[in-house]
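# A look at the structure
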Amino acid sequence: VKIDAVDFFYLAMPEVLDVGDGSQDALLVRVQAGEHVGWGECEASPLVSIASFVCPMSHSACKPVRDSVLGQRLDGPDDIRRIGDLVRAQSLDLLQADHTLSGIDIALWDLLGRRRGEPVYRLLGDQRATPKLPYASQLFGDTPEETLRLARAARDKGFRAAKFGWGPYGRAAPADDAAQVFAAREGLGDDGVLLIDAGTVWLDDVAQAARRLDALRACRVTWLEEPFVSGALGAYRRLAELAGPVRLAAGEGCHSYHMAEQLLEYAGLGFIQIDAGRIGGIAVARRVAEAARARGVAYVNHTFTSHLALSASLQPYAASEPDAICEYPVEPRQLARDITHEQIVPDADGRIRLPDGPGLGVTPNLAAIAPYLQDVEIRVGGRTLYRTPAL
Ligand SMILES: [Mg+2]
């Protein structure tokens, strides 16, 4: 079949707050090829990603993403990889192209899986999916007392692992940060898996991060996530040498295979976290998962939005080691909950299983998301390049 249409739907909460919560808006992608339909989601600023699909060509290496997608053949996984390569070549100088491609790639896998009646992970070559231990992913409270309450709530919901991040962490004195980490450990209990996310707060300042290590070690934190920005490979490497049993985690900022490969090669990571909605889709995320396995670095999904994005993020490492964990947003905004009919919830054993339906195994709930749909029109030189399509 040929790709006939790619439609973008910009969804947003009535109010978007200045907090580190990526579930406040979303960009849903629908791909149609003949009578077949697939859905994906981009993890990035929705309007900018739409613009990179429709923008006028600037020169031969700066074409709109649609030029590499519409009309392309789609008969198997190799076509999806070929389309990805074409986007990267023709939109080389269009920096948002990888984000836009991500949602399209996810929708193409979903479409192909539905057409063949198989979950995406089988198309990737995995026969079965291993259940994963979900970690309750949330923001630090404004105070240690608030964090203690959040950690207790996660444990009471049955989570054996939890991550706290962003908020005040890293911005106050090391003693205040320590109080936050001790509160998280107390609330989660002695046997819980505790993860801390610094949200790149120290940029590349190893000394600042090192001042927090004693508390992280005392609280038996499994990983310190994103102490630095993605490109600060030397800083990561130096901190990894100081951190001892606290392993470093990073990778959500990667928007290409090679960015992730640099992290794997030079940053001294224990965990690499990839967002399929950002790195270029499931095809690229899968390549990173294979590279990580070859280097003995644990692959973990990154996701903070809907269960469609959650399912997409799990596909690349479906057949993981039995002790693998996965990110699981516990307090997303209503928009993110409303995007799909199905919810992926922990089983009786507290583990997350990938949906076994065809494609991503989840379907958008069009009636529920209609109220969030933003009315957008992009006009250039009197020509309408984009107008919000009908759901
Ligand atoms: Mg993070």
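Residues numbered from 1 in each chain as written. Predicted model: local features only at pLDDT ≥ 70, side-chain atom pairs only at ≥ 80, totals over all residues. Heavy atoms only, no water.

### Some details on the side chain of Gln273
With respect to the element layout, Gln273 can be found in strand 9 (residues 271-274). Only 2.8 Å separates the side chain of Gln273 from the side chain of Glu225, close enough to count as a polar contact. The residues contacting Gln273, other than those within four sequence positions of it, are Tyr135, Lys163, Trp223, Glu225, Ala249, Ala250, Gly251, Glu252, Val300 and His302. (Helix = DSSP H or I, 4+ residues; strand = E, 2+ residues; numbered from the N terminus. Polar contact = N/O pair within 3.5 Å; in protein donor to acceptor, adjacent residues only side chain to side chain. Contact = heavy atoms within 4.5 Å.)

### Some details on the coordination of the magnesium ion
The coordination sphere of the magnesium ion contains the protein donors Asp197 (OD), Glu225 (OE) and Glu252 (OE), at a distance range of 2.0 to 2.3 Å. The sequence motif formed by the donor residues of the magnesium ion is D-x27-E-x26-E. With Glu225 in strand 7 (residues 221-225) and Glu252 in the loop between strand 8 (247-250) and helix 10 (257-266), this residue pair connects regions lying 27 residues apart in the sequence. (Donors = N, O, S within 2.8 Å, 3.2 Å for Na, K, Ca; no water.)

### Quick notes on the sheet that holds strand 10 (residues 298-301)
The 8 strands lie next to each other as 10-9-8-7-6-5-4-11, forming an open sheet whose pairing is parallel. Only two strands of the sheet have a single neighbouring strand rather than two, namely strand 10 and strand 11 (325-329). When the angles between neighbouring strand axes are averaged without regard to direction, this sheet yields 25°. Inspection of the sheet shows strand 7 paired to strand 8 by 3 bridges, in the parallel sense. Paired with Leu224 across the two strands is Leu248, which belongs to strand 8. Of the strands in this sheet, strand 4 (133-139) and strand 5 (161-165) are in contact with helix 5 (residues 144-156), which crosses strand 4 at around 155°. Against the sheet, helix 6 (residues 174-188) contacts strand 5, strand 6 (193-197) and strand 7, and its axis sits at roughly 150° relative to strand 6. (Pairing = 2+ DSSP bridges. Axes fitted to C-alpha atoms, helices over the stretch in contact; angles between N-to-C directions.)

### A few points about the packing of helix 5 against helix 6
Here helix 5 crosses helix 6 at 25°, and the two axes come no closer than 7 Å. As far as their axial angle goes, helix 6 and helix 5 are roughly parallel. Helix 6 is crossed by helix 5, and the crossing has right-handed handedness. Contact residues: Pro144, Thr147, Leu148, Ala151, Arg152 and Arg155 in helix 5; Ala179, Gln180, Ala183, Ala184, Glu186, Gly187 and Leu188 in helix 6. Considered class by class, the residues forming the contact of helix 5 with helix 6 number 7 nonpolar, 3 polar and 3 charged. (Parallel < 35°, antiparallel > 145°, perpendicular 65-115°, else oblique. Left-handed = near helix turned anticlockwise from the far one by under 90°. Nonpolar A, V, L, I, M, F, W, Y, C, P; charged D, E, K, R; others polar.)

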